[in-house]
Amino acid sequence: MENVLLCTGKYAEKPYYFEHAGMNVYCVEELCYLLASNPFMIDAGIMDKQLVQWLYEECELKELSHQLLQLFQRGCQPGVFVDTILDYTGYCSREDKERIDEVLKGSAGLDQYEKQKRQGDYLMKNGRYQLAVHEYEKLLSILPEAEKELIPSVYHNLGVACCRLFRFESGASYLKKAYELSGREESGIQYLEALREQLTEADYVSFIADHREYYELSMKVEKLYEMARGQFEATRENRMLSALKIYRDEGNTGSYYEEIDKIIARLKDDYRASVAQ
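Okay, so let's go over this structure. (Residues numbered from 1 in each chain as written. Predicted model: local features only at pLDDT ≥ 70, side-chain atom pairs only at ≥ 80, totals over all residues. Heavy atoms only, no water.)

## Overview of the side chain of T84
Part 1 of the reasoning: Within the secondary structure, T84 is located in helix α4 (residues 78–89).
Part 2 of the reasoning: T84 sits in the buried class, given a relative accessible area of 14%.
Part 3 of the reasoning: Here V80 takes part through its backbone oxygen, which lies 2.8 Å from a polar atom of the side chain of T84.
Part 4 of the reasoning: Apart from residues lying up to four places away in sequence, T84 is in contact with L64, Q67, L68 and L71. (Helix = DSSP H or I, 4+ residues; strand = E, 2+ residues; numbered from the N terminus. Buried < 20%, exposed > 50% of the residue type's maximum accessible area, 1.4 Å probe, protein only. Polar contact = N/O pair within 3.5 Å; in protein donor to acceptor, adjacent residues only side chain to side chain. Contact = heavy atoms within 4.5 Å.)

## Let's talk about the packing of aromatic side chains
Part 1 of the reasoning: Within this structure, the stated rule accounts for nine aromatic pairs.
Part 2 of the reasoning: Both rings, one in Y16 and one in W54, keep their centres 5.9 Å apart while their planes meet at 40 degrees; by these two values the pair is tilted. Linking Y16 in strand β1 (residues 16–18) with W54 in helix α2 (residues 49–57), this pair joins segments that are 38 residues apart in sequence.
Part 3 of the reasoning: Judged by its relative accessible area of 6%, W54 falls in the buried class.
Part 4 of the reasoning: Taken together, a centroid distance of 6.3 Å and an interplanar angle of 75 degrees make the contact between F166 and F168 edge-to-face.
Part 5 of the reasoning: Residue classification places F166 among the exposed residues on the basis of a relative accessible area of 58%.
Part 6 of the reasoning: When the ring centre of Y56 is taken as origin, the NZ or CZ atom of K62, which lies over that ring, is 5.2 Å away. (Phe/Tyr/Trp six-rings, centres within 6.5 Å; stacked < 30°, edge-to-face > 60°. Lys NZ or Arg CZ within 6 Å of the ring centre and 35° of its normal.)

## A look at the environment of R118
Part 1 of the reasoning: Along the chain, R118 falls in helix α6 (residues 112–125).
Part 2 of the reasoning: In this structure, R118 is in contact with F40, G106 and L110, ignoring residues within four places of it in sequence.

## A word on the packing of helix α9 (residues 168–182) against helix α10 (residues 185–198)
Part 1 of the reasoning: It is at 8 Å that the axes of α9 and α10 come closest, and there the two elements cross at 155 degrees. By the criterion of interaxial angle, the relationship of α9 to α10 is roughly antiparallel. In this structure, the crossing between α9 and α10 has a hand that is left-handed. Across the interface between the two elements, F168, E169, G171, A172, L175, K176, A178, Y179 and S182 of α9 pack against S187, G188, Q190, Y191, A194, L195, E197 and Q198 of α10. (Axes fitted to C-alpha atoms, helices over the stretch in contact; angles between N-to-C directions. Parallel < 35°, antiparallel > 145°, perpendicular 65-115°, else oblique. Left-handed = near helix turned anticlockwise from the far one by under 90°.)

Below you can see the structure in the form of structure tokens.
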């Protein structure tokens, strides 16, 4: 059972428009969720007196508002401003706050494009693949030519995020672009892996035969697949599949389908979590 979070203050009639994220928030918990999920967007622009006024008038959080106004007078850093809000609501665990603080320290001195890329990386690392895809796509739409060194890495990570969502055709397209721009072996290998998942075995073999420039990379892909097969044999999932085979062979269809349903339900839950907005 997940921890229960008690709501703080009042649900606002008029939302606060969070310009950094381009969305409205209606309560302090929504604000905390936004800040905790997007630590790379925490900068001086977060410290908005209109936000403090909104918390005071719409959410009726007078004590929190007074604390934040005092921070303005002291000239505090954005991280302290955000920590004060998170501490007041008890929204984040100590570990979550430490992770956010690490992000803030690591992002000092980065330009807006590098921060946005790292925001996408942060989302992908935490399994928020759909949000990561949106972040990378948004970044590619605004990246100037002067940031060309960043472009291959964004295409690579966008391709990986798409593959994590089982969108192998899109993933292969982005990874191919990354490989063409950078020549990085990692991008080339993951391009072929995405292609291998997308095509039938015969079509994949035919592709490699027609594109000899990928032959050496394809050999490395096959070695990785062999290693993955060996590692999978020692996993819990493989033991479960072996047990299912026994159920099936013994004619125990009730237990067989019951376990299949459990596996499918768990996979569905994992997928829903990965595409949650």
